[in-house]
Amino acid sequence: MQNDYPCSGVPPRIALVGNPNVGKSSIFNQLTGLNQTVGNWPGKTVELAEGTLVFEGTTIRIVDMPGTYSLSSYSEEELVTRDFLLSSAADVIINVVDATALERNLYLTLQLLEMGLPIILAVNFIDAAYHKGISFDFKSLQESLGVTVIPVDASSGQGMTELMGAAMRQLRSKGGGRPARPKYGKEMEYLIADVAKELRAGNVPLPEGYPIEWISLKLIEGDPEVMRRVKLPPDLLARVSEKTSAVESIHGESANVITASERYSLSHRIAERSLKPKVEARNAVSEWASDLLTHRVYGYLVLAAVLGGTFYLIFQAGGIISGAIDSAFSSVIVYLAAALSFLPPMAVNLLLNGVVFGIGAATSIALPYIATFYIALSIFEDTGYLPRAAFLLDSLMHKIGLHGKAFIPLLLGFGCSVPACMGCRIMETRRERLLLGALVVLIPCSARTIVILGVAGAYLGIGYALLIYFIDILLVLAIGRVLFKALPGESVGLIMEMPPVRMFKPVAVLKRTWLKTKDFVFTALPLIVLGSLAVEAASSLGAMDVIVNSFSPVTVGILGLPVATGVALIFGMLRKELALIMLAAYAGTTDFALIMSPAQMFVFTLVMVIYLPCVATLAALIKEYGARRAALIVTMDMLLALAVGAVASQMLSIIRF
Amino acid sequence: MVQESLEVFCRLKKALGKVTLRDLAAAGLDPQKRELLLKGGLLREIGGSLELTEEGERVLLTHREDYLHDRIIHNDGSALPEDVFRHWTSCHHIDRGTLKEFYERLKSMPYRIEDLTPLIDVPAGKVAEVVLIVGGRNAVNRLCEMGLTPETTVRVSKRAPVGGPVIVSVRSTEVAIGRGIASKILVKIIE
């Protein structure tokens, strides 16, 4: 993403900014349809989705910024959003606010105004607010803030034309009509003016494009990022902090808390003026549902039923679809093999067993398991169930040094480790993210579940399959506990908004599922095809036996498994569920009872589940944590798998399983 | 008189688990005082062991808080009285560091510590005003951003089971706050 300014040839860019859960992404989807790509802000792991739209003959780019409550520099998302907006990367900013919680949403709006940014306010959920007994005086809101206010309904697309019309007017006016900075309490205003005067008098070089009052305010707040960028001479710094302390001692609070209070008292006044509350009406159904879902007894019962039911459905439906796709691809391979018989056999093998087989394997897991999982997840997200589950599981998560929100990536991990790794971003600190990242890769993803069901489940019985699942989850908790004690730093407590329980919109759910599945396929597919090609090349060159035999000290020596399982371990690095197919091909039989004893099957499944995450997960780990930390996590998994496998093997031989 | 006898009972209860009249006698309460305790309806017998009645609890609590208040008012302001510490650690499970911070900060504020309750101990359905938030800069900032600035009125809408977070309604939104953080927020219960 470049910081290009609007000029001929480069389409103008509109940024969508707002709190989480305000329907920002719905507006983004309404405007751009399925025309979206996800990119990274350079050097940061914050993803920005960008899409395009043609409005009145002009091509416009729209960026969906991560949802934030504030623009301080305490989280990466906030910092990225702030930098993006200040760097003039966006020509117009649309600030999406939730009509049912205007006061809280205006907190961010005020911060945007502090930065002197040209914003348009899109007020969403007007209907919900009306049902809550709130009606609006948009004119008053517009006058109080000094910006254009457009009521919208993101789910039906109402108000989108007006919104884009306002954005176009803003674009054409080219930065004209910058809104006035909001005015806070007297002491604070004097202080800001004072510090700004000092900055001017001291001729301090300031970063370009940053309003001087904003910089003054941030210096008063002690914003670490602004302190770093604006190099204040020591005497000036001392004067600023002296003046700040004087105001702090009047209020008895730190400057941060004072400015937050000032913003909130202003947003409270603005909200009071522009809202006309009727009788306090409550959404009885939503409140009843919320109450049930967080109930100290029924809440947990519902949680168990929801999770159990979801996994059961995913694997039932997934199995059927997956089987259908697999058999379709097998017949394609047979057909192609016949059609391509004029090519040399080696090329045919590479093409079919490498490329076509790879694509088949990727779709047969992506569509049935990943897509259905995303459908379930999107429903949980849209209905507001995820934060409620996180609320219930907060005390459990604290046992492993994390808080309730960590439950969300862990849940994702049951579908696929790749989105789970990315999902770790919701944690507030680097330490929490790393801790959680090390845990999510240990969660049995859908591919590993296939191995568990295909070996332990099919040959030893469902009880043993569940036992392996259970051992794995115990391991996750144990490792979490150990890492929590080992990693330096304090654990962070839970502060999480609980959005109201809402009904989901099937179309929106399917749209998001499609986008996420597409994303997964594009990340994983090239890796899988490349991997399949490499293995196919190795086996047709006769190198496979050599490689498999070189694994024997581990497979036979430590784990007590047959030599052939080396194949599965190698393929497991590519794709776990592929490992079984490859093992069958290598051993020349699909009846694993012929090559492994029950004890060996148990150990084999256990090792397959724990060791190395697949290539795609490895790529995600490197992207999120850097090569060094990713290597650490992977090494830990390898050692863990070996240790657990060896112990299990020894114990089983002692009890003569 | 009765209050002090009650204090003796509480100490015994904590040490022994089960307290009988004989234990009270052994602890040095004369028959007159024992009689007074029972007659005041403050203690009732359940299979030989003694329990606090509701009224007894109330009397005990008022007594303690008066006592604590006296200690704070007449304290020279240098150190935290030991019994204040004991009350807050046993009743509200607040650690010593947090309590010290509360105490230091409250010196310059027009509130008495005994009028305040940590947010985590506010019963569901009650409305309270945020008085003081202590703790790390990050946590305080995040709370302020979510709307829990000092002087804000919040309503506790739900308390999770043991060790879990609380949900509060603040500025028309609902926010879940973990136990650790919620015990560092002092509020004044309004209704």
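Preceding this paragraph is the structure being described.
In this text the structure is predicted, and so the values were computed from the model without any measurement.

Quick notes on the rules
- Residues numbered from 1 in each chain as written.
- Chains lettered and ligands numbered in written order.
- Predicted model: local features only at pLDDT ≥ 70, side-chain atom pairs only at ≥ 80, totals over all residues.
- Heavy atoms only, no water.
- Helix = DSSP H or I, 4+ residues; strand = E, 2+ residues; numbered from the N terminus.
- Buried < 20%, exposed > 50% of the residue type's maximum accessible area, 1.4 Å probe, protein only.
- Salt bridge = Lys/Arg side-chain N within 4 Å of Asp/Glu carboxyl O.
- Contact = heavy atoms within 4.5 Å.
- Buried area = accessible area lost by both parts, 1.4 Å probe.
- Nonpolar A, V, L, I, M, F, W, Y, C, P; charged D, E, K, R; others polar.
- Pairing = 2+ DSSP bridges.
- Patch = residues over 30% accessible without salt bridge, like charges linked within 9 Å, V, L, I, M, F, W, Y side chains within 5 Å.
- Areas by Shrake-Rupley, 256 points an atom, 1.4 Å probe, with all protein chains shown as cover.
- Arc of directions from axis to C-beta.
- Phe/Tyr/Trp six-rings, centres within 6.5 Å; stacked < 30°, edge-to-face > 60°.
- Expected span 1.5 Å × (residues − 1).
- Bend = angle between axes of the 7 residues up to and from the residue.

*Asks:* Just checking my understanding: could you explain the overall build of chain A for this structure?
*Replies:* The helix and strand tally for chain A stands at 28 helices and ten strands. By principal-axis analysis of the C-alpha atoms, chain A measures approximately 85 × 55 × 55 Å. When burial is assessed residue by residue, chain A has 55% of its 657 residues classed as buried.

*Asks:* I keep staring at the pattern of salt bridges and nothing clicks. Help me out?
*Replies:* All names here are of chain A. Taken as a whole and assessed by the stated rule, the structure comprises 25 salt bridges over all chains. Between glutamate 143 and lysine 139 there is a salt bridge, with the nearest N and O atoms lying 3.9 Å from each other. On the criterion of helical spacing, the pair formed by glutamate 143 and lysine 139 is a turn pair, its members being four residues apart in helix H5 (residues 138–145). One salt bridge in this structure joins lysine 218 and glutamate 221, with 3.0 Å as the shortest N-O distance. Taken together, the positions of lysine 218 and glutamate 221, both in helix H8 (residues 212–221) and three residues apart, correspond to about one turn of that helix. The burial state of lysine 218 is the same as that of glutamate 221; both residues are buried. In this structure, a network of salt bridges that share partners links the residues Asp194, Glu198, Asp235, Arg239 and Lys243.

*Asks:* What is the right way to read the interface of chain B and chain A from this model?
*Replies:* The extent of an interface is frequently quoted as the accessible surface area lost upon association of the parts. Chain B puts 35 residues into the contact, and the matching count from chain A is 38 residues. When the two sides are added together, the surface that chain B and chain A hide from each other amounts to roughly 3000 Å², 55% of it contributed by carbon and sulfur. Inspection of the region where chain B meets chain A yields three salt bridges. Counting only elements with at least two residues in the side of chain B that touches chain A, the list comes to helix H7 (137–145), strand S5 (153–159), strand S6 (166–170) and strand S7 (173–177) of chain B. It is H7 of chain B that contributes the most residues to the side of chain B that touches chain A, nine residues altogether. Along the lines of polarity and charge, the residues of the side of chain B that touches chain A split into 17 nonpolar, nine polar and nine charged. The pairing of strand S10 (residues 495–497) of chain A with S7 of chain B spans three bridges and is classified as antiparallel.

*Asks:* How do you make sense of a nonpolar patch on the surface when you look at a structure like this?
*Replies:* Together, Tyr464, Leu467, Phe470, Ile473, Leu474 and Leu477 of chain A line one region of the surface with nonpolar side chains, adding up to about 500 Å² of accessible area. One can find isoleucine 473 of chain A in helix H21 (residues 462–486).

*Asks:* Help me out: how do you make sense of helix H12 (residues 284–293) of chain A in this one?
*Replies:* In an α-helix, one full turn covers 3.6 residues, which means residues spaced three or four apart are oriented alike. All names here are of chain A. Taken residue by residue, H12 has Ser286, Ala289, Ser290 and Leu293 as its buried positions. In a view along the axis of H12, the buried residues occupy a sector of 100°, so they form one face of it. When the buried face of H12 is taken as reference, the exposed residues oriented beyond 90 degrees from it are Ala284 and Trp288. Check the buried side of H12 and you find it contacts helix H13 (298–339) and helix H15 (385–392).

*Asks:* Which parts of the structure should I look at to understand the environment of leucine 410 of chain A?
*Replies:* All names here are of chain A. Relative to the elements of secondary structure, leucine 410 occurs in helix H17 (residues 407–415). The exposure class assigned to leucine 410 is buried, which follows from its relative accessible area of 8%. On a C-alpha basis, the gap between leucine 410 and valine 441 in space is 8.9 Å, while along the polypeptide they are 31 residues apart. Setting aside residues no more than four positions away along its own chain, leucine 410 makes contact with Met397, Leu436, Leu439, Val440 and Ile443.

*Asks:* Looking at this structure, I do not really get the packing of aromatic side chains. What am I missing?
*Replies:* To describe a pair of aromatic rings, one takes the distance between the centres and the angle between the planes. Scanning the entire structure with this criterion turns up eight aromatic pairs over all chains. Members of the aromatic cluster, joined through ring pairs, are Phe311, Phe373, Phe414 and Tyr469 of chain A.

*Asks:* Please clarify how the side chain of asparagine 141 of chain B should be interpreted in this entry.
*Replies:* By the element assignment, asparagine 141 of chain B lies in helix H7. Under the relative-accessibility criterion, asparagine 141 of chain B is labelled buried at 6%. With residues up to four places along the chain from it excluded, the contact list for asparagine 141 of chain B reads Tyr74 and Asn256 of chain A.

*Asks:* What is the right way to look at helix H28 (residues 615–654) of chain A in this model?
*Replies:* With 40 residues, H28 of chain A extends just 36 Å between its outermost C-alpha atoms, more than 12% less than the 58 Å of an ideal straight helix rising 1.5 Å per residue. Bending of H28 of chain A peaks at approximately 120° at the position of glycine 626 of chain A.

Honestly, that's just the spatial picture; any functional story needs more than this.
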